[in-house]
Amino acid sequence: MSVETTAELQAAVDELESGTTILLADGTYDLTNTLNIRDVENVAIRSASGNRDAVVIRGRGMANAGYGNVPHVLAVYDAQNVLIADITMTGAYFHLIQVHGEFDADGVVLRNLHLVDSGEQFIKVSTAGPPGPYADDGVVECSLIEYADRARSWYTNGVDVLAGSGWIIRDNTFRNIRAPQGELAGPAVLVWRNSVDTIVERNLFVECDRAIALGLSAPDANSRGGNTVYDHQRGIVRNNMICLLYT
């Protein structure tokens, strides 16, 4: 299915059926509603050209509290095996992409994206805590995740996974994931609340306040399986690079 306008894109997502790919023509899509993906499997949203810089999906602005029906750019609910690829997303007041683990969103793949200026987390993987479900087996790869300058507050992460299993975060660049002057932003990659079996590899972190945290604080009521001991288990962090530029 091919789309060329914002209205066509929003209608295609609203009517999305399993096994469907939505191909976006080059251009800018200014949303009037968040793109909500529900009750489907094996679907994809991607640019027709494969050029992520040629397709831009915009929210109302990361500092615009009048976001209306566009709190996020895209959200995945009760859907499995969703691919989002080859697109730029920018200007969400909350999250550019939210993956709702509490609705059992599994197998979400985010590939070759350019994510710019999110009010809170760029990619948020949420949970409602035990007994689940949770968002498992996701992939974030080959993407550029950045602020043009700085976040609007300290409360931000590039990727924030709560209580997920089997997430892979690889071959990405995180740039300027940093708070306003005098504050400390969250880690560019944060995987916690008893998440398990995470792999974080071959990423580049440029001018980020903090880079990677597998686990961050004591478990709480949202920890996977009701675990009261660990905030993360069985993680692998390898072959990443952290770069701070001094002028």
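For the structure, see preceding data.
No experiment lies behind these values; they were computed from the predicted model shown.

**Student:** Kindly report on the pattern of salt bridges, identifying the contributing residues and their values.
**Tutor:** Following the criterion strictly, the structure yields 16 salt bridges and no others. A salt bridge links Arg58 to Asp30, with the shortest nitrogen-to-oxygen separation between them at 2.6 Å. Residue Arg58 is found in strand S6 (residues 55–58), and its partner Asp30 is found in strand S3 (residues 27–30); the two are separated by 28 residues along the sequence. Between Arg111 and Glu141 there is a salt bridge whose closest N-O contact spans 2.6 Å. Of this pair, Arg111 sits in strand S10 (residues 109–118) while Glu141 sits in strand S12 (residues 139–141), placing them 30 residues apart in sequence. The class of Arg111 is partly exposed, set by a relative accessible area of 32%. Judged by its relative accessible area of 7%, Glu141 is buried.

**Student:** Provide a residue-level description of the environment of Trp192, including the pertinent values.
**Tutor:** With respect to the element layout, Trp192 can be found in strand S17 (residues 189–192). Along the chain, Trp192 and Asn222 lie 30 residues apart, while their C-alpha atoms are 9.9 Å from each other. Not counting the four nearest positions on each side in its chain, Trp192 is found in contact with Asp160, Val161, Leu162, Ala163, Gly215, Leu216, Ser217 and Asp231. Reaching out from Trp192, the side chain makes a polar contact with the side chain of Asp160 at a distance of 2.9 Å.

**Student:** Give me the sheet that holds strand S7 (residues 74–76): which residues, what numbers.
**Tutor:** A sheet is described by the order of its strands in space; here seven strands give the open sequence S4-S7-S9-S11-S14-S17-S21, paired in parallel fashion. With one partner strand each, in any of the chains shown, strand S4 (35–37) and strand S21 (212–214) form the two edges of the open sheet. On average, each strand axis in the sheet is inclined to that of its neighbour by 10°, with strand direction left out of account. When strand S14 (residues 159–162) meets S17, the two strands line up parallel, connected through four bridges.

**Student:** So what about the state of the cysteines? Which residues, and what values?
**Tutor:** On inspection of all chains with the given rule, the structure shows zero disulfides. In this structure Cys142 is not part of a disulfide, and its nearest cysteine sulfur, from Cys208, lies 18 Å away. Unpaired in terms of disulfides, Cys208 finds its nearest cysteine sulfur in Cys243, a separation of 9.9 Å. According to the relative accessible area criterion, Cys208 is buried, its value standing at 10%.

**Student:** Please provide a residue-by-residue account of the pairing of S6, values included.
**Tutor:** Strand direction decides the pairing type here: S3 and S6, joined by four bridges, are parallel. Residue pairing for S6: Gly27 is matched across the bridge by Val55. Here S6 pairs with strand S8 (residues 80–92) via three bridges, running parallel. Following the sheet pairing, Arg58 is matched in S8 by Thr90.

**Student:** Explain the packing of aromatic side chains to me, using residue names and the numbers behind them.
**Tutor:** Throughout the structure, instances matching the rule amount to seven aromatic pairs. Each ring, one from Tyr67 and one from Tyr93, has its centre 5.1 Å from the other, and the planes form 25°; the classification is stacked. Of this pair, Tyr67 sits in the loop between S6 and S7 while Tyr93 sits in the loop between S8 and strand S9 (97–100), and the two are 26 residues apart along the sequence. Aromatic side chains Tyr77 and Phe103 sit 5.3 Å apart centroid to centroid with 70° between the ring planes, which places their arrangement in the edge-to-face category. Linking Tyr77 in the loop between S7 and S8 with Phe103 in the loop between S9 and S10, this pair joins segments that are 26 residues apart in sequence. Residue classification places Tyr77 among the buried residues on the basis of a relative accessible area of 13%. Through a chain of ring-to-ring contacts, the aromatic side chains of Tyr67, Tyr93 and Phe94 assemble into a single cluster.

Each value, and the rule that gives it
- Residues numbered from 1 in each chain as written.
- Predicted model: local features only at pLDDT ≥ 70, side-chain atom pairs only at ≥ 80, totals over all residues.
- Heavy atoms only, no water.
- Salt bridge = Lys/Arg side-chain N within 4 Å of Asp/Glu carboxyl O.
- Helix = DSSP H or I, 4+ residues; strand = E, 2+ residues; numbered from the N terminus.
- Buried < 20%, exposed > 50% of the residue type's maximum accessible area, 1.4 Å probe, protein only.
- Contact = heavy atoms within 4.5 Å.
- Polar contact = N/O pair within 3.5 Å; in protein donor to acceptor, adjacent residues only side chain to side chain.
- Pairing = 2+ DSSP bridges.
- Axes fitted to C-alpha atoms, helices over the stretch in contact; angles between N-to-C directions.
- Disulfide = S-S within 2.5 Å.
- Phe/Tyr/Trp six-rings, centres within 6.5 Å; stacked < 30°, edge-to-face > 60°.

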